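Here is how the chains run, residue by residue.
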Amino acid sequence: MVDPVETPVEDSADVRPVVLVVEDEFPLRWPTSEYLRDSGYRVVEAASVDEAVMVFASHTRVDVVFSDINLRGDRDGIALSKWLHEHHPEVPMLMTSGHEPAAHAVSTGAKRLFIAKPYVLADVDRLIKSVLPRNG
Amino acid sequence: MQNHQAKTIMMLEPDVLIRMVIAEHLRDCGYRVIEGVAAQDAWAVLESGRRIEIVLADVKLAGGEDGFSLARRIRQTHSDIDVILTSGIGGAAQESRDLCEEGPIKKPYEAKDVEARIRIMLERRRASRN
């Protein structure tokens, strides 16, 4: 599918790295997103894998995905990781869970990192910076 | 980076693309914006003690409580909070334009441009499903 009219969706002057936060628990998504915005990122919030996929479908620029693994709905964070690997292999992903996942689940490529819940927000920031293409 | 003077808007909108675009415009205008999808998200923020000046909510929300009920309850319990109800993309775009005109950073934009941008994104989402 080719766009009949190429309309700029992003503000090209905005150089902030874009983090897509995927978390279905609002009490966690809210402070995490707010912390990352205050740390200098542009943050897009998704409450499910379906919403995350919609963000990509809208051609919104995403530099890194930070996703919970245990998400409500048909697809979980592992499914999102596989989808991303297939459709946007250049986008790195930081995954989180209250339970340590099976090693193979998060090692679909070099661009996967894991942080256990409950996490320290400064560690999330540090790990995101470490996977950003040009070190954020 | 952090503006302690900025007013906080609780934006409740179940459609991720509308929420993303409108919330970002409001941030560009200098507001702090908390994004939620359901009425209970607004209650969670209020119960945390975090100050909210404005609730901008679509009438249709995720979860059991709709925008009308939320607005009625907030006006009863938090009469200092402005509650603005919207319906659909056009309403959200127009209300956010009005908020930006009153916002800390003057960044004029046309509601119809915001609406057009959201419609393009929604169209791309539809196209990607086919």
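The structure under discussion appears in the preceding block.
Computed from a prediction, not measured in an experiment: that's the story for all the values here.

Novice: Before we move on, could you go through the overall build of chain A and cite the residues and values that matter?
Specialist: Scanning chain A from terminus to terminus reveals 4 helices and 5 strands. Written out in order from the N terminus, the α and β elements of chain A read β-α-β-α-β-α-β-β-α. Scored against the burial criterion, the 136 residues of chain A give a buried share of 38%. Summarising the internal contacts of chain A: among those between residues at least 6 apart in sequence, 59% fall at separations of at least 24.

Novice: Kindly report on the nonpolar core, identifying the contributing residues and their values.
Specialist: Among the nonpolar cores identified, the biggest contains 68 residues, and Val19(A), Leu20(A), Val22(A), Ala46(A), Val55(A), Met11(B) and Leu26(B) are the most heavily contacted of them. Sorting elements by how many residues they give to this core places helix H1 (residues 16-28) of chain B first, with 8 residues. Apart from the residues within four sequence positions on either side, Val19(A) is in contact with Leu36(A), Tyr41(A), Val43(A), Asp63(A), Val64(A), Phe66(A) and Ile128(A).

Novice: Please provide a residue-by-residue account of the sheet that holds strand E1 (residues 18-22) of chain A, values included.
Specialist: Hydrogen bonding along the main chain pairs the strands of a sheet, whether they run parallel or antiparallel. Residues and elements named next belong to chain A. The strand order across the open sheet built from 5 strands is E2-E1-E3-E4-E5, with neighbouring strands paired in parallel fashion. The sheet is open, and its two edges are formed by strand E2 (42-46) and strand E5 (112-116), each paired on a single side. Geometrically, the sheet is characterised by an average inter-axis angle of 20° between neighbouring strands, direction not taken into account. Pairing analysis gives 4 bridges linking strand E3 (residues 64-68) to strand E4 (residues 93-97), with the strands arranged parallel. When the bridges of E4 are listed, Asp-68 appears paired with Thr-96. Helix H1 (residues 26-38) rests against E1 and E2 of the sheet, and its axis sits at about 165° to E2. Along the sheet, helix H4 (residues 121-131) contacts E1, E3, E4 and E5; its crossing angle with E5, the most-contacted strand, is approximately 175°.

Novice: How would you summarise the interface of chain B and chain A if you had to cite specific residues and measurements?
Specialist: Listed by partner, the interface residues are 18 residues for chain B and 18 residues for chain A. Broken down by secondary-structure element, the contributors of at least two residues to the side of chain B that touches chain A are H1, strand E2 (32-36), helix H2 (39-47) and helix H5 (111-129) of chain B. Residues belonging to the side of chain B that touches chain A are distributed by class as follows: 10 nonpolar, 3 polar and 5 charged.

Novice: Before we move on, could you go through the pairing of E1(A) and cite the residues and values that matter?
Specialist: Residues and elements named next belong to chain A. When you tally the buried positions in E1, you get 4 out of 5 residues, the bulk of the element. Alignment of E1 against E2, held across 5 bridges, turns out to be parallel. By the bridge assignment for E2, Val-21 is matched with Glu-45. On the question of chirality, the crossover connecting E1 to the parallel E2 by way of H1 is right-handed. As defined by bridge partners, E1 adjoins E3 across 4 bridges and the pair is classed as parallel. When the bridges of E3 are listed, Val-19 appears paired with Val-64.

Novice: Please set out the sheet that holds strand E4 (residues 82-86) of chain B residue by residue, giving values where relevant.
Specialist: All names here are of chain B. If you trace the 4 strands from one edge of the open sheet to the other, you get E2-E1-E3-E4, paired in parallel fashion. A single partner strand is all that each edge strand has here, and the edge strands are E2 and E4. Taking each pair of neighbouring strands and ignoring which way they run, the sheet shows an average axis angle of 20°. In this sheet, strand E3 (residues 54-58) lies alongside strand E1 (residues 8-12) in parallel orientation, the contact comprising 4 bridges. In the sheet register, Ile-9 faces E3, and the bridge partner there is Ile-54.

Thresholds, definitions, all that
Residues numbered from 1 in each chain as written. Chains lettered and ligands numbered in written order. Predicted model: local features only at pLDDT ≥ 70, side-chain atom pairs only at ≥ 80, totals over all residues. Helix = DSSP H or I, 4+ residues; strand = E, 2+ residues; numbered from the N terminus. Buried ≥ 20, exposed ≤ 12 C-beta atoms within 10 Å, placed from the backbone. Contact = placed C-beta atoms within 7 Å. Core = buried A, V, L, I, M, F, W, Y, C linked by C-beta atoms within 7 Å. Pairing = 2+ DSSP bridges. Axes fitted to C-alpha atoms, helices over the stretch in contact; angles between N-to-C directions. Nonpolar A, V, L, I, M, F, W, Y, C, P; charged D, E, K, R; others polar. Right-handed = clockwise from strand over helix to strand, strands pointing away.

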